[in-house]
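Read off the chains here:
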Amino acid sequence: KLSGRRGSLLLGASCLALACGSTEPPADTAGADSGILTQGVPSTGADGSGENGSGADGSGTQATANGSQSSGAEETGGGEGDTPKFDLGIQPDVPAQGACEPGVGKGGKKVDGPDFSYLWAANSSEGTITKIDTETVTEVGRFQVRPDGAGSPSRTSVSLSGNVAVASRSGGVTKFYAAVEDCVESNGTPGIQTSMNNAALPWDQEECRAWHTPFGYSTQRPVAWAQGEWNDVTCEWENELLWTAGRNGSVAQADVILMDGDDGAVVDMVTIDGLAPDQYGIYGAAVDSEGNFWGSQLSGTRLIKVSMADMSTQVWTPPSLGGYGMTVDVDGYVWICASTIQRYDPATDTWASTASGIGSSGCMADGGKDGLLWAAAGGVIRGVNRETLQVDR
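A brief look at the structure comes next. The structure displayed is predicted, hence computed values, not measured ones. (Residues numbered from 1 in each chain as written. Predicted model: local features only at pLDDT ≥ 70, side-chain atom pairs only at ≥ 80, totals over all residues. Heavy atoms only, no water.)

1. A look at the overall build of the protein
In plain terms, the rule: In this text, helices come from DSSP runs of H or I with a minimum length of four residues, and strands from runs of E with a minimum of two, each type numbered from the N-terminal end. By the convention used here, residues are in contact when the closest approach between their heavy atoms is within 4.5 Å. Each accessible area is a Shrake-Rupley result for a 1.4 Å probe, and residues are judged covered by the shown protein chains and nothing else.
If you tally the helices and strands in the protein, you get zero helices and 31 strands. The contacts of the protein with a sequence gap of at least 6 include a subset with a gap of at least 24, amounting to 48%. Per element, the accessible surface of the protein, about 18,100 Å² overall, is 48% carbon and sulfur.

2. Quick notes on the packing of aromatic side chains
Basically, it comes down to this: The pairing test for Phe, Tyr and Trp rings, Trp by its six-membered ring, is centres within 6.5 Å, and the orientation test on the planes gives stacked under 30 degrees, edge-to-face over 60, and tilted for anything in between. Only protein chains enter the calculation, and the probe is 1.4 Å; a residue is then buried if its accessible area is under 20% of its type maximum, exposed if over 50%, and partly exposed in between.
For the structure shown, the criterion picks out 14 aromatic pairs. Ring geometry for Tyr118 against Trp120: centres 6.5 Å apart, planes inclined by 75°, an arrangement best described as edge-to-face. Each member of the pair, Tyr118 as well as Trp120, carries the same accessibility label: buried. A ring pair is formed by Trp316 and Tyr344, whose centres lie 5.0 Å apart and whose planes are at 50°; its orientation type is tilted.

3. What about the state of the cysteines?
In protein structure, a disulfide is the covalent linkage between the sulfur atoms of two cysteines. Where we set the bar: Here, the term disulfide refers to a pair of cysteine sulfur atoms separated by no more than 2.5 Å.
Counting across every chain of the model gives two disulfides. A sulfur-sulfur distance of 2.0 Å marks the disulfide that ties Cys183 to Cys208. Torsion about the S-S bond of the Cys183 and Cys208 cystine: about 100°, corresponding to right-handed handedness. Pair noted here: Cys183 is in the loop between strand E13 (173–176) and strand E14 (209–213) and Cys208 is in the loop between E13 and E14, with a separation of 25 residues, a long-range link. Bridging Cys337 to Cys363, the disulfide has an S-S length of 2.2 Å. Handedness here is read from the sign of the S-S torsion; for Cys337 and Cys363, about 90°, the answer is right-handed. Linking Cys337 in strand E26 (residues 334–337) with Cys363 in strand E29 (residues 362–365), this pair joins segments that are 26 residues apart in sequence. As far as the burial class goes, Cys337 and Cys363 line up, both buried.

4. Quick notes on the side chain of Glu240
Heads up, the condition is: Positive charges are assigned to Lys and Arg, negative charges to Asp and Glu, while His and the chain termini are left out of the count. Only one rule defines a salt bridge in this text: a Lys or Arg side-chain nitrogen within 4 Å of an Asp or Glu carboxyl oxygen. In the analysis that follows, any N or O atom pair within 3.5 Å is treated as a polar contact, provided that within protein one partner can donate a hydrogen and the other can accept it, and provided that, for residues neighboring in sequence, both atoms belong to side chains.
Within the fold, Glu240 resides in the loop between strand E17 (236–238) and strand E18 (241–246). An unpaired buried charge is present at Glu240: no salt bridge exists, and Lys175, the closest side chain of opposite charge, is 5.3 Å distant. Within the local environment of Glu240, its side chain forms a polar contact with the side chain of Ser161, the two groups lying 2.8 Å apart.

5. With respect to the nonpolar core
Filter applied, for reference: Residue types Ala, Val, Leu, Ile, Met, Phe, Trp, Tyr and Cys, when buried and joined through side-chain atoms within 4.5 Å, form a set referred to as a nonpolar core.
Trp243, Val256, Ile272, Ile282, Phe293 and Val306 are the most contacted members of the largest nonpolar core, which has 17 residues in total. Listed by contribution, the elements that provide at least two residues to this core are E18, strand E19 (253–260), strand E20 (266–273), strand E21 (284–287) and strand E23 (303–306). The element best represented in this core is E19, accounting for three residues. Aside from chain neighbours lying at most four places away, what touches Ile282 is Arg221, Pro222, Ala245, Ala254, Val256, Leu275, Phe293, Gly295, Ser296 and Ile304.

6. Description of the sheet that holds strand E11 (residues 153–158)
Sheets are built from strands that pair by backbone hydrogen bonding, the pairs being arranged parallel or antiparallel. Applied cut-off: DSSP calls a pair of strands paired once it identifies at least 2 bridges connecting them. For helices, the fitted axis covers only the stretch in contact; all axes are lines through C-alpha atoms, and the angles between them, taken along N-to-C directions, range from 0 to 180 degrees.
If you trace the four strands from one edge of the open sheet to the other, you get E11-E12-E13-E14, paired in antiparallel fashion. Either end of the sheet is taken by a strand with one partner, and the two such strands are E11 and E14. Direction aside, the axes of adjacent strands within the sheet are offset by 15° on average.

7. Here we look at unusual backbone geometry
Despite not being glycine, Val137 has its phi angle at roughly 50°, a positive value. Considering the arrangement of structural elements, one finds Val137 in the loop between strand E9 (128–133) and strand E10 (138–144). Even without glycine at this site, Asn239 takes up a positive phi of about 55°. When you line up the elements, Asn239 lands in the loop between E17 and E18. For Asn239, a relative accessible area of 45% puts it in the partly exposed group.

8. Section: a negative patch on the surface
Here is the rule: Two joining distances apply to patches: 9 Å for like charges and 5 Å for nonpolar side chains (Val, Leu, Ile, Met, Phe, Trp, Tyr), and every residue must have over 30% relative accessible area and no salt bridge. The atom standing in for a charge is NZ when the residue is Lys, CZ when it is Arg, CG when it is Asp and CD when it is Glu.
A surface patch of negative charge is lined by Glu229, Glu238, Asp262 and Asp263. As for its placement among the helices and strands, Asp262 is situated in the loop between E19 and E20.

9. Some words on the environment of Glu290
Here Glu290 is to be found in the loop between E21 and strand E22 (293–296). Using a relative accessible area of 61% as the deciding quantity, one classes Glu290 as exposed. In this structure, the C-alpha to C-alpha distance between Glu290 and Gln227, residues 63 residues apart in sequence, is 8.0 Å. Those residues in contact with Glu290 that sit more than four places away from it in its chain are Gln227 and Met308. In terms of polar contacts, Glu290 uses its side chain to reach the side chain of Asn292, at 3.3 Å.

10. Considering the pattern of salt bridges
A side chain with one charge may pair with a side chain of the opposite charge, provided their charged atoms come close. Under the definition given, this model contains seven salt bridges. The closest approach of N and O atoms between Arg146 and Asp148, which form a salt bridge, is 2.8 Å. You can call Asp148 exposed: its relative accessible area is 51%. One continuous salt-bridge network, built from bridges that share partners, spans Asp329, Asp331, Asp366 and Arg386.

11. Re the pairing of strand E25 (residues 325–328)
On E25, burial covers both faces: Gly325 and Thr327 on one face and Met326 and Val328 on the other are all buried. Sheet topology note: the E25/E26 ladder contains four bridges and is antiparallel. When the bridges of E26 are listed, Thr327 appears paired with Trp335.

Given below as structure tokens:
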């Protein structure tokens with residue numbers, strides 16, 4: 001899954017967020033070999049400049065993240081008609097003109113691109129998740145997803161604010177901050193300690209983990225962010241919620257859970273009946289434009305919807321079996337992808353499908369109104385026209 005910052009384009013179950021705020025990073029730096037980043041500590045660089053970068057020996061330095069602070073408003077005199085002058089040049093807590101318009105960040109500053117662009121991949125066998133910078137194609141972080149170093153992480157989902165959540169097959173959901181400036185001091189060591197390469201820090205040292213919520217399910221795969229609420233003053237997404245699902249054993253039930261994206265608390269939960277009694281439960285999940293949960297089973301015998309508004313549920317039986325991947329596109333179509341790719345239209349309650357034998361495991365729709373569904377299988381990626389269901393690419 002891809003993550004960026006502020007103002008986002010949702011592509012099925014993953015998103016790329018474009019910048020709204022300033023693109024200038026805080027003065028952070030890292031030791032060249034440690035893979036640990038420390039923020040907000042005065043520089044001890046050999047050149048004494050206090051700027052980011054490495055010292056003369058190439059070992060890396062620490063840099064201060066704070067500049068001088070103003071004292072607030074100044075009085076300009078006691079005469080009638082005098083008005084206060086603000087050191088910042090603008091009134092506090094009042095957004096600049098066009099602050100959240102496309103291409104304009106906080107304070108009216110022009111923004112040419114996203115603050116960051118990361119790809120997140122679960123490393124199931126080692127109990128970690130990897131953070132890859134998509135511009136340099138470099139691993140810039142690796143993080144344990146459970147305190148025991150296990151969990152078999154499977155699915156990842158990126159919120160519109162750019163942060164990632166990962167669900168573990170053997171139970172548990174964990175959120176990580178994408179931007180180091182959002183990370184919070186928690187281990188007692190000054191500054192922010194976080195992995196910056198392919199070596200994960202011990203659980204109690206990593207400070208870019210936002211939260212971890214344990215679950216006792218024998219299988220827990222789906223995870224999908226809902227949109228939250230956009231704040232025009234801060235140019236940020238707030239009150240983001242997260243969906244997941246879990247099941248114990250091969251039963252015809254599964255729990256669908258709505259979580260608070262800020263602290264990982266369970267907000268609501270509903271039990272779905274009438275599922276296929278396979279070992280996986282709900283296998284894939286995505287959200288639609290209203291934040292509703294859509295889930296599918298690997299056997300392809302059930303499609304599930306849970307309404308964000310009232311947690312009401314619906315279950316369908318698709319025409320064809322099989323369904324490794326699933327997604328929801330910008331038109332609200334729900335796709336189940338296997339040897340035959342099936343499309344469900346909630347507006348008309350109708351199904352359509354491609355010819356059999358196309359073959360697909362994962363699938364994702366692009367953002368264009370007349371765009372394609374991209375399906376991957378056997379080392380081949382195909383582009384399927386979302387209206388005609390013909391292979392265009």
